[in-house]
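# Structural overview for review
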Amino acid sequence: FFATLGDVNIVISIWFVGFILFKSIWWFLNMTPLKLAVVLGIGVGVTTILEIQAVKTDRWEYSAIMPVLPVLKVGISPLLQMTFLPLVVLNIVKKRTNFQI
């Protein structure tokens, strides 16, 4: 449950940074390479920092079957999740708003 709340906070933070940078609450409706870089950069960056900190402080550990990036020692699954989850959420919101740009 708490991990899910953390993921929600990351996605909201990504939206908020986009709002600040692009000066529109609907900045994600027209996804450009720069906007995509913001989403992916924040999602992967924050997740990497949180995963490193959580493993280092023994809040959790990876099982033997979790693929881990060798240099960072971060699980690939959480990184993939925060690569795609924000894009999926923003796309769902875009579809639900029925905006045409």
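A quick note: this is a predicted structure, and the numbers were derived from the prediction, not measured.

## Brief notes about the overall build of the protein chain
Within the protein chain, the secondary structure is distributed over 3 helices and 2 strands. Reading the protein chain from its N end, one meets helices and strands in the order α-α-β-β-α. With the C-alpha coordinates of the protein chain rotated into their principal frame, the extents come out at 45 × 25 × 20 Å. Burial statistics for the protein chain: of 101 residues in total, 24% are counted as buried. Considering only intrachain contacts with a sequence separation of at least 6, the fraction spanning at least 24 residues in the protein chain is 52%.

## A few points about the nonpolar core
When a protein is soluble and globular, its nonpolar side chains tend to lie buried together. Counting residues in hydrophobic clusters, the biggest one holds 8 residues: I10, I14, W27, F28, L29, V39, M82 and L90. Broken down by secondary-structure element, the contributors of at least two residues to this core are α1 (2-22) and α3 (76-97).

## Quick word on the packing of α1 against α3
Between α1 and α3, the shortest axis-to-axis distance is 10 Å and the interhelical angle comes to 65 degrees. The handedness of the crossing between α1 and α3 is right-handed. Contacts from D7, I10, V11 and I14 of α1 reach α3 at Q81, M82, L85, P86 and V89. Here the residues of the contact of α1 with α3 sort into 7 nonpolar, 1 polar and 1 charged.

## Things to note about the environment of I49
Here I49 is to be found in helix α2 (residues 33-56). Residue class for I49 comes out exposed when judged on its relative accessible area of 59%. With 22 residues separating them in the primary sequence, I49 and V71 have C-alpha atoms 13 Å apart.

## A short note on α3
Spanning 22 residues, α3 covers 32 Å between terminal C-alpha atoms, matching the ideal 32 Å at 1.5 Å per step. Considered for burial, the residues of α3 that qualify are P78, L79, M82, T83, P86 and L90. Looking at the buried residues of α3, the elements they touch are α1, α2, β1 (68-69) and β2 (74-75). N98 lies just past α3 and shows a positive phi near 60 degrees.

## Structural notes on the side chain of K35
Examined against the element boundaries, K35 turns out to sit in helix α2. An unpaired buried charge is present at K35: no salt bridge exists, and D7, the closest side chain of opposite charge, is 24 Å distant. Reaching out from K35, the side chain makes a polar contact with the backbone oxygen of W27 at a distance of 2.8 Å. The contacts of K35, once residues within four sequence positions are left out, are F22, W27 and N30.

Rules behind the numbers
- Residues numbered from 1 in each chain as written.
- Predicted model: local features only at pLDDT ≥ 70, side-chain atom pairs only at ≥ 80, totals over all residues.
- Heavy atoms only, no water.
- Helix = DSSP H or I, 4+ residues; strand = E, 2+ residues; numbered from the N terminus.
- Buried < 20%, exposed > 50% of the residue type's maximum accessible area, 1.4 Å probe, protein only.
- Contact = heavy atoms within 4.5 Å.
- Core = buried A, V, L, I, M, F, W, Y, C linked by side-chain atoms within 4.5 Å.
- Axes fitted to C-alpha atoms, helices over the stretch in contact; angles between N-to-C directions.
- Left-handed = near helix turned anticlockwise from the far one by under 90°.
- Nonpolar A, V, L, I, M, F, W, Y, C, P; charged D, E, K, R; others polar.
- Expected span 1.5 Å × (residues − 1).
- Lys, Arg positive; Asp, Glu negative; His and termini not counted.
- Salt bridge = Lys/Arg side-chain N within 4 Å of Asp/Glu carboxyl O.
- Polar contact = N/O pair within 3.5 Å; in protein donor to acceptor, adjacent residues only side chain to side chain.

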